[in-house]
Amino acid sequence: MTKTMREPTLQTLGLGTVIDIFQRGRMPADAGGLVEKVFGKSGKRGSMVISGANGIVGAGKTMQLGSRLQPYGVRIVALDFPSAPDGIGKQYPGLVRAFGQDNANKIMANITRLSYDGVNLPAELQQLRPRFLLEAIPELLEIKRAHYKIFREAFPDIEIRSVTSGFPSSELGVGIAHPAFPHEINKIWEVVEPEPSAVTQLFWALGLIPLPVSDHWSFVLDVLFCGLTLAGMRYHQASNMPFWKIDKFTRKLVGPNPFRAHDAIGARGANFLTWSCLHHLSEKYGEVFKPTADLIERKETGQNWYPLNHFRPLVDWSLDTDQQEEFRVWILGPLFQMTSLMLQERRAHLAHLNAIGELCAQFRRGILAVMRSLGPEAVAQTVKVYHRLHPEAAGASWFPEVLGQMEASEWQQLYVNAEHDGKVGVVTISRESYNGDVDQELNRALDWLKAEGIAKVIVTGDFHLSTQMVGADTSDFFPALEKVEEGSRISSGWSRTARRLNDEFEISIGFVGGKRCLGGMLELLMHCHYLVAVEGSELGMPEVTLPVVPGMEGCHWPFRKTRPDHWPRVLELLLSGRSVQASEAVGWLVDHVGPMDDALQMAWKLATKGDHRVSRRAVESSALDGIPKELPGLPAADAPGTEAARRAIVACIDDACHTTLAEALTAQAKHSAEFMLSSACREGRIGAEYTRTMAV
């Protein structure tokens, strides 16, 4: 019997729990079997049709799905008007960069391009046995319905999904698979269907990230992104601030540049899609979604939101404290109100709703995480003040009662979940970068497992939202660039959390199941008693390239956990910033590496004290002598900041290793915090991002 803190997101796909995966020692869905289920058996395999294939969405998804389905012998049929520009051809250079020329040529050779007149399907299509249609034609409801009709008449059993940005499934009469931009690389798909289907599970098995959402207008992504854009337009109406400057303040407040994004996507199409979403939302939900005159005009003209670069400095703008608060209310007030509507309608698993804002709309923190940190009273007060600024929005679609649910585990565990079977616990982290929210939620998850009497734990990604573990969220470091106390708080606090995996459990196993585990995430997992990685995964400590000093004990913990003859390899990891294949790190960083099934089975054996024959590497608690300070053959630093970081890291290693384990945490936190105040850090990537984001 499995017990969970909150529903695992895998269950929304019909794929069970994460602890099931470890218990069975294999993944819950197989791409080969699902390809056969959707497209038929080898030799009689049908094709996938992408209509509107030369458009931005269609061409991007032709590449993304074509590259994944080509090894399984599924032909891609790219269907569009004969007059459509060659959007697919434009994708070829990107394919070459991603897969190499030979593989790119194989993928392109597996794509059959056909033209049609919009009314009659080409005769050649019959021979290709279409089994699945992904529709990416313009957002006109009657045209879409007619499109499905001609396909169903010709191929009665065909599966159909629409990439629509806003029309519900109930209006279209087909399921929804709405992909996030950029379409070639973003793996997120908002999925609307009555039950998890083989198509959705196939997407997951192919490495994509389907997120089930409810059948409401504009789903989740476009409520958030179009809603944020609308909030910026309304502030423009109230203040006459130029759109490019509103973008700068919006980026500082929540992360995205909504107006720049419209221009980057292509203003003519993006303006129409945003207007369409908001128009239909306003008809259903009222004034809070009503498009402004600026959007209606640009929907017709396709005009960009940004002027030429050389005009911008002439109209620069600053805000005093009161104006900053007013801006905050104009932006967050409608976002909070719109989110309350989605919560009332139960549009998605809360972890999904929160993640969509980060992974698709580029919010630094998901909207629910932002609301949670403020608390229900402050959120409600923000909306109340917004309604004074925009009284028409107060009439409908505001549900403050949903804020009373913030103490529930679904709200409290947006990024970290825990499961157990009564003996072994599994902690899943669904965010690819570690931040303060993850740290707090991880502590709650560990507290819950301990209260449940669980002494053995596996820490892993969630096999869904996080396909890799890329390190610390560097935006969390912004306050530390100004105050040493903030850097010390982060380093010491996060390190104490990591130490719990070593100190408070009888057995702990870190599991690297994605393509890479870097920086702070690797530091976290190396605190586990065992580290198991999937073959082909990469491990690295890239902090020197940012540059920062590792703050979660990376400058002493790996030295304490391996033999002196391996110390130069640890030092190279820290000073070069280059990743290492997990298979090359066995014995000094990793305890076992194998194919996915083998790695899963080994993690479970370690957790259950099965016959694993893997020695547990102890952590040396006393001071270490003989740690090298130089690394022969280390390439010269390519930037002054890198050289300064190398010196700082060596100094941190020297101090943290030449003391006891009990004192090392404080020593490392001091070095990490002090380096963040240095000119080397401020002039590096983190400092540049801080200036670009916060210095408005």
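Residues numbered from 1 in each chain as written. Predicted model: local features only at pLDDT ≥ 70, side-chain atom pairs only at ≥ 80, totals over all residues. Heavy atoms only, no water.

Some thoughts on the overall build of the protein chain
Next, step 1: Across its full length, the protein chain holds 28 helices and 20 strands.
Next, step 2: Relative to the compact-globule value of 26 Å for 696 residues, the protein chain shows a C-alpha radius of gyration of 26 Å, a close match.
Next, step 3: Taking the principal axes of its C-alpha atoms as reference, the protein chain extends roughly 80 × 65 × 50 Å.
Next, step 4: Expressed as a percentage of the 696 residues in the protein chain, the buried residues total 59%.
Next, step 5: Sequence separation of at least 24 residues holds for 76% of the intrachain contacts in the protein chain that already meet a minimum separation of 6.
Next, step 6: Summed over all atoms, the accessible surface of the protein chain reaches about 27300 Å², with 50% contributed by carbon and sulfur.
Next, step 7: Side-chain charges of the protein chain comprise 72 positive and 81 negative groups, with the mean position of each set lying 3 Å from the other. (Helix = DSSP H or I, 4+ residues; strand = E, 2+ residues; numbered from the N terminus. Rg over C-alpha atoms; globule rule 2.2 N^0.38 Å. Buried < 20%, exposed > 50% of the residue type's maximum accessible area, 1.4 Å probe, protein only. Contact = heavy atoms within 4.5 Å. Areas by Shrake-Rupley, 256 points an atom, 1.4 Å probe, with all protein chains shown as cover. Lys, Arg positive; Asp, Glu negative; His and termini not counted. Charge placed at Lys NZ, Arg CZ, Asp CG, Glu CD.)

Regarding the packing of helix H12 (residues 267-285) against helix H13 (residues 293-301)
Next, step 1: As a packed pair, H12 and H13 sit with axes 8 Å apart at the nearest point and diverge in direction by 135°. Of the possible angle classes, the one that applies to H12 and H13 is oblique. As for the relative orientation of H12 and H13, their crossing is left-handed in sense. Residue-level contacts link Arg 268, Asn 271, Phe 272, Thr 274, Trp 275 and Leu 278 of H12 to Leu 295, Ile 296, Arg 298, Lys 299, Glu 300 and Thr 301 of H13.
Next, step 2: Residues that form the contact of H12 with H13 fall into these classes: five nonpolar, three polar and four charged. (Axes fitted to C-alpha atoms, helices over the stretch in contact; angles between N-to-C directions. Parallel < 35°, antiparallel > 145°, perpendicular 65-115°, else oblique. Left-handed = near helix turned anticlockwise from the far one by under 90°. Nonpolar A, V, L, I, M, F, W, Y, C, P; charged D, E, K, R; others polar.)

Topic: the pairing of strand S13 (residues 456-461)
Each regular strand carries side chains that alternate between the two faces of the sheet.
Next, step 1: With six of its six residues buried, S13 lies for the most part within the structure.
Next, step 2: Inspection of the sheet shows strand S11 (residues 424-429) paired to S13 by six bridges, in the parallel sense. Of the residues in S13, the one forming a bridge with Val 424 is Lys 456. (Pairing = 2+ DSSP bridges.)

A short note on the sheet that holds strand S2 (residues 47-51)
Next, step 1: Strands sit in the order S4-S3-S2-S5-S6-S7-S8-S9 across an open sheet of eight strands; the sheet is mixed. Each of the sheet's edge strands pairs with one partner strand only, and the pair in question is strand S4 (111-115) and strand S9 (209-212). Taken over all neighbouring pairs, the strand axes of this sheet differ in orientation by 25° on average, direction set aside.
Next, step 2: Inspection of the sheet shows strand S8 (residues 188-192) paired to S9 by four bridges, in the parallel sense. Bridging across to S9, Glu 190 finds its partner in Leu 211.
Next, step 3: Those strands touched by helix H8 (residues 198-205) are strand S5 (130-135), strand S6 (159-162), S8 and S9, and its axis lies near 140° from that of S9.

Thoughts on the environment of Gln 126
Next, step 1: Tracing the backbone through its elements, the reader meets Gln 126 in the loop between S4 and S5.
Next, step 2: Every residue in contact with Gln 126, bar those within four places of it in the chain, is listed here: Ala 154 and Phe 155.

Points about helix H11 (residues 258-265)
Note on helix geometry: an α-helix contains 3.6 residues per turn, so any two residues three or four positions apart are oriented the same way.
Next, step 1: Of the positions making up H11, those classed as buried are Pro 258, Phe 259, His 262 and Asp 263. Along the axis of H11, the buried residues cluster in a sector spanning 145°; they form a single face.
Next, step 2: Considering only its buried residues, H11 is in contact with helix H9 (221-239), helix H10 (243-253) and H12.
Next, step 3: Following H11 by one or two positions, Gly 266 adopts a phi angle in the positive range, close to 125°. (Arc of directions from axis to C-beta.)

A short note on the nonpolar core
Looking at soluble globular proteins, one finds that nonpolar side chains tend to be buried together.
Next, step 1: If you look at the biggest cluster of nonpolar residues, it comprises 170 residues, and the most contacted ones within it are Phe 151 and Phe 559.
Next, step 2: The greatest single-element share of this core, amounting to 11 residues, is contributed by helix H14 (residues 321-344).
Next, step 3: In this structure, Phe 559 is in contact with Trp 567, Val 570, Leu 571, Leu 574, Leu 624, Ile 627, Ile 653 and Cys 657, ignoring residues within four places of it in sequence.
Next, step 4: Counting 61 residues, the second largest nonpolar core, distinct from the first, contains Leu 34, Val 199, Leu 208 and Ile 509. (Core = buried A, V, L, I, M, F, W, Y, C linked by side-chain atoms within 4.5 Å.)

Regarding unusual backbone geometry
Next, step 1: Of note, the bond from Phe 181 into Pro 182 is cis; its omega dihedral lies within 30 degrees of zero at 0°.
Next, step 2: Within the fold, Pro 182 resides in the loop between strand S7 (175-179) and S8.
Next, step 3: Unusually for a residue other than glycine, Gln 362 sits at a positive phi of about 70°.
Next, step 4: Along the chain, Gln 362 falls in the loop between helix H15 (350-359) and helix H16 (367-374).
Next, step 5: Residue Gln 362 is classed as exposed on the basis of its relative accessible area of 57%.

Overview of the packing of helix H23 (residues 567-576) against helix H25 (residues 640-657)
Next, step 1: Following both chains from N to C, one finds H23 and H25 inclined at 140°, their axes separated by 9 Å at the closest point. Judged by the twist between their axes, the crossing of H23 over H25 is right-handed. Every residue of H25 that contacts H23 at Leu 571, Leu 574, Leu 575 and Ser 576 is listed here: Arg 646, Ile 649, Val 650 and Ile 653.
Next, step 2: Classifying every residue of the contact of H23 with H25 gives six nonpolar, one polar and one charged.

Considering the pattern of salt bridges
Next, step 1: Taken as a whole, this structure holds 33 salt bridges when the rule is applied.
Next, step 2: The closest approach of N and O atoms between Arg 499 and Glu 553, which form a salt bridge, is 2.7 Å. Of the two residues, Arg 499 sits in helix H20 (residues 484-503) while Glu 553 sits in the loop between strand S18 (538-540) and helix H22 (557-560), which places them 54 residues apart along the sequence. Here the two residues Arg 499 and Glu 553 agree in accessibility, since each one is buried.
Next, step 3: Linked by salt bridges that have partners in common, Arg 365, Arg 372, Asp 437 and Glu 441 make up one network. (Salt bridge = Lys/Arg side-chain N within 4 Å of Asp/Glu carboxyl O.)

Some remarks on helix H24 (residues 596-608)
Next, step 1: Compared with the 18 Å implied by 1.5 Å per residue over 13 residues, the 18 Å span of H24 between its first and last C-alpha is a close match.
Next, step 2: Of the surrounding elements, those touching the buried residues of H24 are helix H1 (18-24), S11, S13, strand S15 (507-512), strand S17 (530-534) and strand S20 (592-594).
Next, step 3: One or two residues past the end of H24 sits Lys 609, with phi positive at roughly 60°. (Expected span 1.5 Å × (residues − 1).)

Regarding the domain arrangement of the protein chain
Next, step 1: Domain annotation of the protein chain identifies domain 1 (46-212), domain 2 (221-410) and domain 3 (415-694).
Next, step 2: Of note, the centres of domain 1 and domain 2, computed from C-alpha atoms alone, are 30 Å apart.
Next, step 3: Domain 1 puts 14 residues into the contact, and the matching count from domain 2 is 13 residues.
Next, step 4: In total, domain 1 and domain 2 occlude about 1200 Å² of area from one another, counting both sides; carbon and sulfur atoms represent 71% of this.
Next, step 5: Where domain 1 packs against domain 2, one counts zero salt bridges.
Next, step 6: At the surface where domain 1 touches domain 2, the tally comes to three residue pairs in polar contact (both at pLDDT 80 or more).
Next, step 7: Those elements that place two or more of their residues in the side of domain 1 that touches domain 2 are S8 and S9.
Next, step 8: Split by residue class, the side of domain 1 that touches domain 2 holds eight nonpolar, four polar and two charged. (Domains from an automatic or database assignment. Buried area = accessible area lost by both parts, 1.4 Å probe. Polar contact = N/O pair within 3.5 Å; in protein donor to acceptor, adjacent residues only side chain to side chain.)

Observations concerning the sheet that holds strand S16 (residues 516-518)
Note on sheets: strands pair through backbone hydrogen bonds, and any given pair is parallel or antiparallel.
Next, step 1: The strand order S16-S18-S19 describes an open sheet built from three strands, whose pairing is mixed. Across the chains shown, the open sheet's two edge strands, defined by having one partner strand only, are S16 and strand S19 (580-581).
Next, step 2: The pairing of S16 with S18 spans three bridges and is classified as parallel. Paired with Arg 516 across the bridge in S18 is Glu 538.
Next, step 3: Strands in contact with helix H21 (residues 519-526) are S16 and S18; relative to S16, the strand with the most contacts, it is inclined by about 90°.

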